[in-house]
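Tertiary structure, described
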Amino acid sequence: MGDAIRYPNMGTVKKAAEIYGLSPVYIRRLCREGKIRYVNAGHMWLVNLDSLARYFEQGDPAPAESVYIAPSVRRVYP
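Described in the following lines is the structure provided in the data block. Note that the coordinates shown come from a computational prediction; the quantities given were computed from them, not determined experimentally. (Residues numbered from 1 in each chain as written. Predicted model: local features only at pLDDT ≥ 70, side-chain atom pairs only at ≥ 80, totals over all residues. Heavy atoms only, no water.)

1. Focus on helix α3 (residues 49-58)
Taken as a whole, α3 has its buried residues at Leu 49, Ser 51, Leu 52 and Tyr 55. Down the axis, α3 shows its buried residues gathered within 160° of arc, on one side only. In α3, those exposed residues whose orientation departs by more than 90 degrees from the buried face are Glu 57 and Gln 58. Residues of α3 that are buried in the fold lie against β1 (10-12), α1 (13-20), α2 (24-32) and β3 (44-48). A side-chain oxygen of the first residue of α3 lies 3.0 Å from the backbone nitrogen of Asp 50; this N-cap is Asn 48. (Buried < 20%, exposed > 50% of the residue type's maximum accessible area, 1.4 Å probe, protein only. Helix = DSSP H or I, 4+ residues; strand = E, 2+ residues; numbered from the N terminus. Arc of directions from axis to C-beta. Contact = heavy atoms within 4.5 Å. Polar contact = N/O pair within 3.5 Å; in protein donor to acceptor, adjacent residues only side chain to side chain.)

Right under this line is the structure:
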């Protein structure tokens with residue numbers, strides 16, 4: 001007993017955009033890319049505002065270094 005249930009702090013895309021001074025399109029893009037958590041509630045997207053705050057505090061992780069393979073090079077078998 002005594003375990004308090006902590007519900008996530010959720011808000012609409014519009015509310016999240018107003019809080020951070022960003023466009024709703026950018027917030028939706030972060031959701032689609034999996035950078036912040038959200039749920040679909042009918043026709044609305046509800047953004048996890050705690051997840052959004054963590055994203056801005058920690059920053060976007062650097063993309064993994066990609067390996068470049070020149071298109072004109074092909075494997076030569078001995």
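2. Quick word on the packing of α2 against α3
It is at 12 Å that the axes of α2 and α3 come closest, and there the two elements cross at 90°. The pairing of α2 with α3 is recorded here as roughly perpendicular in orientation. Contacts between α2 and α3 involve Tyr 26, Ile 27 and Leu 30 from the first element and Leu 52, Tyr 55 and Phe 56 from the second. Among the residues making up the contact of α2 with α3, the classes are represented as six nonpolar, no polar and no charged. (Axes fitted to C-alpha atoms, helices over the stretch in contact; angles between N-to-C directions. Parallel < 35°, antiparallel > 145°, perpendicular 65-115°, else oblique. Nonpolar A, V, L, I, M, F, W, Y, C, P; charged D, E, K, R; others polar.)

Worth remembering: the numbers are spatial, not functional.
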